[in-house]
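What follows is each chain in one-letter form.
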Amino acid sequence: MKNTIYNHSPAFLKNWIASIYGHNLYRRRYNNKYYNSAFPKILERQNWNIEKLDEYQDKKIREIIGVAVRHVPYYRNLFKKLKLNQEDIRGKQDLIDALPILEKIVLKENENMFIDERAKKKSLIKYFTSGTTGSPLCIYRDKKTEGVAYAYYEARWRVPYGISKDSSWAMLGGKLIVPQERKSPPFWVWNSDRKSVA
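Now for a look at the structure at hand. Owing to the predicted nature of the structure, the values given are computational and were not obtained by experimental measurement.

### Quick notes on the sheet that holds strand β4 (residues 190–191)
For sheets, the rule is that strands pair by backbone hydrogen bonds, running either parallel or antiparallel.
Link 1 in the chain: Read across the open sheet, the three strands follow the order β3-β5-β4; overall the sheet is mixed. Looking at strand neighbours, the two that pair on one side only are β3 (169–170) and β4, the edges of this open sheet.

Written out as C-alpha cells, the structure reads:
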C-alpha cells in the first residue's frame, strides 16, 4: 500500500515522503542510547593493541554463544547435535574448529529458528540482503543491534575519511525510487532533512 502511494506520487511528493522517511530512519539509527553508548567505545578500541583486541573479541564471542545457546533455537539444537556446551567455545579459534559454516540455504529455510525467543518478531527491524549471490536473505535486528551496527558504520566507514552521519551525501543502491519506465528527470529523490540524494 505504502509503495503504491509512493510510486504514483509526483516528484515533489516523493521528495517530501523521502524526507520524512529519512528523518525517521536517522532517528532510529543514530538518536538512541545504544548508538550513543557504543560509538565512543568503538573509537577508543581503535587504539588498542592486538592482544587487547583479541581478548575483547574472545570475550564477546563467549557472550554471544551464551545467548545463542540459551535463547536461539537453531544454535541450541546445533550444540545438542554436536554434543557441545557453551563453555567449549572460549574464543575465535574454538568457534572455527567446533562449528560448521552456516550455509545460506539453512538460514533462508529456517528464518524463525535464528530469532532470539525473547524477542517479539513484530518489534524487530527487518532487512533484506542485496541478493547479489542469489536470492536475498531476510535479517532481523532489534533496536540495540541497530544502534550498535550504525555506531560501527560511522566509526569504521565515515570517521576515517573525515565525514560524518551529518555530511551531505548521495547513495546508489538497489531500492527502486522512480519507475523504471521513466524517460525524463528527475531520476532521483531529494531528502531535504538529511541533505541527501538517492
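### What to know about helix α5 (residues 73–81)
Link 1 in the chain: Every buried residue belonging to α5 is among P73, Y74, L78 and F79, and all of these are buried.
Link 2 in the chain: Lining the buried residues of α5 we find α4 (50–71) and α7 (104–109).
Link 3 in the chain: Where α5 terminates, the next one or two residues include K83, which has phi positive at roughly 55°.

### Considerations on the pattern of salt bridges
Link 1 in the chain: Taken as a whole and judged by the stated rule, the model has twelve salt bridges.
Link 2 in the chain: The partner of K60 in a salt bridge is E63, and the shortest N-O contact between them spans 3.0 Å. On the criterion of helical spacing, the pair formed by K60 and E63 is a turn pair, its members being three residues apart in helix α4.
Link 3 in the chain: The salt bridge involving R158 is made with E154; its shortest N-O contact spans 2.9 Å. Taken together, the residues R158 and E154, both in helix α8 (residues 143–158) and four residues apart, mark about one turn of the helix. Of the two residues, R158 and E154, both sit in the buried class.
Link 4 in the chain: Counted as one network, the salt bridges with shared partners bring together R28, R141 and E146.

### Some details on the environment of R76
Link 1 in the chain: Here R76 shows up in helix α5.
Link 2 in the chain: Classification of R76 by relative accessible area gives partly exposed; the value is 22%.
Link 3 in the chain: Between the alpha carbons of R76 and Q86 there is a distance of 9.5 Å; along the sequence they are ten residues apart.
Link 4 in the chain: Once residues within four sequence positions are removed from consideration, R76 is found in contact with A68, V69, R70, H71 and E117.

### What to know about unusual backbone geometry
Link 1 in the chain: Residues P185 and P186 are joined by a peptide bond in cis, for which omega reads 5°.
Link 2 in the chain: By the element assignment, P186 lies in the loop between β3 and β4.
Link 3 in the chain: The phi angle at K83 is positive, at roughly 55°, despite the residue not being glycine.
Link 4 in the chain: Along the polypeptide, K83 turns up in the loop between α5 and α6 (92–98).

### Side note on the packing of helix α3 (residues 33–45) against α8
Link 1 in the chain: One can describe the packing of α3 onto α8 by two numbers: an axis separation of 8 Å at closest approach and a directional angle of 40°. α3 and α8 meet at a crossing whose hand is right-handed. From α3, Y34, Y35, A38, F39, I42, L43 and R45 reach across to α8, where they touch K143, K144, G147, V148, Y150, A151, Y152, E154, A155 and R156.
Link 2 in the chain: Looking at the contact of α3 with α8 residue by residue, the classes come out as eleven nonpolar, one polar and five charged.

### Structural notes on the packing of aromatic side chains
Link 1 in the chain: Following the criterion strictly, the structure yields ten aromatic pairs and no others.
Link 2 in the chain: Seen from their ring centres, Y30 and Y150 are 5.6 Å apart, and the 80° between their planes marks the pair as edge-to-face. In this pair, Y30 sits in helix α2 (residues 11–30) while Y150 sits in helix α8, placing the two residues 120 residues apart along the sequence.
Link 3 in the chain: The class of Y150 is buried, set by a relative accessible area of 12%.
Link 4 in the chain: Taking the centre distance of 5.9 Å and the plane angle of 80° together, the rings of Y75 and F114 count as edge-to-face. You can see Y75 sitting in helix α5 and its partner F114 sitting in the loop between α7 and β1 (125–128), a full 39 residues away along the chain.
Link 5 in the chain: A relative accessible area of 22% means that Y75 is categorised as partly exposed.

Conventions used here
- Residues numbered from 1 in each chain as written.
- Predicted model: local features only at pLDDT ≥ 70, side-chain atom pairs only at ≥ 80, totals over all residues.
- Heavy atoms only, no water.
- Pairing = 2+ DSSP bridges.
- Helix = DSSP H or I, 4+ residues; strand = E, 2+ residues; numbered from the N terminus.
- Buried < 20%, exposed > 50% of the residue type's maximum accessible area, 1.4 Å probe, protein only.
- Contact = heavy atoms within 4.5 Å.
- Salt bridge = Lys/Arg side-chain N within 4 Å of Asp/Glu carboxyl O.
- Axes fitted to C-alpha atoms, helices over the stretch in contact; angles between N-to-C directions.
- Left-handed = near helix turned anticlockwise from the far one by under 90°.
- Nonpolar A, V, L, I, M, F, W, Y, C, P; charged D, E, K, R; others polar.
- Phe/Tyr/Trp six-rings, centres within 6.5 Å; stacked < 30°, edge-to-face > 60°.

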